[in-house]
Each structure stands twice: as C-alpha cells, then as structure tokens.
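# Descriptive structure summary
Here's the letter readout for the chains.
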Amino acid sequence: MRHGLAEDREEFAKKNVEDALRPLTMKGRKRTQKVAMKLRDWIDEVDLIVSSPFTRARQTAELVSQIFIETKTVETAELVPTSPPHAFMRWLRAHGDEHKRILIVGHEPQLSILASFLISGQTEALLELKKSGMLCLKIENFKTVTPGSAKLLWLLQPRHILG
C-alpha cells in the first residue's frame, strides 16, 4: 500500500523540516481510512504491517492497524524511498517466515520498483501506485523469495476502491 495523501512537498520544504517528517493531510487520513475499511472487506486478516519509518507512511500504517485490530506494526529502513528492492526482499527472508499475510506501507516509486522486481526480476517500475493505492502479490514462501518469484493478484487505485 502506498501512503496516503501528504502535505505538499514544496510547501513543507519551506518549513526547513526534513521531508521524512512530512505528514498526511486530513483528506489523506480520511481516504486512507476508507481504503483500509474496503481492504478489510476483501482480506479477513493481516499478520503483520511493515512500514517505512517516514511519518506519512507510519501514519498510514497506524490508520490501517486501527481497522486490522491487534495486528502488530513494525518499521523498517528497507522501505524508505531510496532503498533498493533487494533490501526489502532480504528483510522478508529474515523476518517474514512466521507470517502468511504481510501488508507493507511505503512510497513511490520504490513500491512499484519492489513489486516489479518481485514479479519480473527487473528493477524498473512496470506499474504505478497512486496515493492510498494497493497491490497484492502472492509469494509462496517469504523465507525463499527470489526476484521474479511473486505473482501479481491485483492492483487497485483509490478511484477503483472508492468509486
């Protein structure tokens, strides 16, 4: 899942505050909550929510965790925008083996690059996620995940989810 609508990058930069601290807007929070509720209609449970440590991704993960009650949320630097796709694949191998359904919350284009890498082994983005957009990959075994081993089950943009 891509983080929700955040404050404008250029306006936030005028505050002389690091971009990693840029938060969701109220509209972004509301849309993310609606998207998470729809997701709950399709997926009964999530075993773990993994988020980028950036504020907007963390806030998105917190909103999703309010819908998937009692789901543990963790942060990892492997989901920051500049992280290469193989970094999160290594994270999955190390930490994902005890989970069946992991929801990750991050940024573009990193999420599209990661998904493309896991689906095709290529490191160029073959798809794009809008803010609050989601895609679902099927990975047989997180412990042995390799580039090109995932299958894309679905890709939904907010307009598809919310109508």
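Residues numbered from 1 in each chain as written. Predicted model: local features only at pLDDT ≥ 70, side-chain atom pairs only at ≥ 80, totals over all residues. Heavy atoms only, no water.

## Notes on the pattern of salt bridges
With the rule as written, the count across this model stands at 9 salt bridges. In this structure, Asp-19 engages Arg-22 in a salt bridge whose closest nitrogen and oxygen atoms are separated by 2.7 Å. The exposure class assigned to Asp-19 is partly exposed, which follows from its relative accessible area of 26%. Classification of Arg-22 as buried rests on a relative accessible area of 5%. Ionic pairing is found between Glu-140 and Lys-138, a salt bridge with its closest N-O pair at 3.9 Å. Given the relative accessible area of 41%, Lys-138 is considered partly exposed. Several salt bridges share partner residues, and in doing so they unite Arg-9, Asp-19, Arg-22 and Arg-56 into one network. (Salt bridge = Lys/Arg side-chain N within 4 Å of Asp/Glu carboxyl O. Buried < 20%, exposed > 50% of the residue type's maximum accessible area, 1.4 Å probe, protein only.)

## A word on the packing of aromatic side chains
This model, assessed by the stated rule, comprises 2 aromatic pairs. Ring plane angle 70° and centroid distance 6.0 Å describe the contact between Trp-42 and Trp-154, whose orientation is recorded as edge-to-face. Within this pair, whereas Trp-42 is found in helix 2 (residues 26-42), its partner Trp-154 is found in strand 5 (residues 151-156), the two being separated by 112 residues in sequence. Accessibility expressed as a relative area gives 43% for Trp-42, which makes it partly exposed. Measuring from centroid to centroid gives 5.3 Å for Phe-88 and Trp-91, while their planes differ by 10°, and the two rings are stacked. In this pair, Phe-88 and Trp-91 are both assigned in helix 4 (residues 85-95), 3 residues apart and thus about one turn of the helix distant. Relative accessible area serves as the criterion here: at 2%, Phe-88 is assigned to the buried category. Residue Trp-91 is classed as buried on the basis of its relative accessible area, which comes to 9%. (Phe/Tyr/Trp six-rings, centres within 6.5 Å; stacked < 30°, edge-to-face > 60°. Helix = DSSP H or I, 4+ residues; strand = E, 2+ residues; numbered from the N terminus.)

## Things to note about the side chain of His-3
Within the secondary structure, His-3 sits in the segment before helix 1 (9-13). On the basis of relative accessible area, His-3 is assigned to the buried category, the value being 4%.

## What to know about the sheet that holds strand 3 (residues 102-105)
On the basis of which strands lie adjacent, the open sheet formed by 3 strands has the order 2-1-3 and parallel pairing. The open sheet terminates on both sides in strands that have one partner only, identified here as strand 2 (72-75) and strand 3. Along the sheet, successive strands turn relative to each other by an average axial angle of 20°, direction set aside. Of the pairings in the sheet, the one linking strand 1 (residues 48-51) to strand 2 comprises 4 bridges and is parallel in character. For Leu-48, the partnering residue across the bridge sits in strand 2 and is Lys-72. (Pairing = 2+ DSSP bridges. Axes fitted to C-alpha atoms, helices over the stretch in contact; angles between N-to-C directions.)

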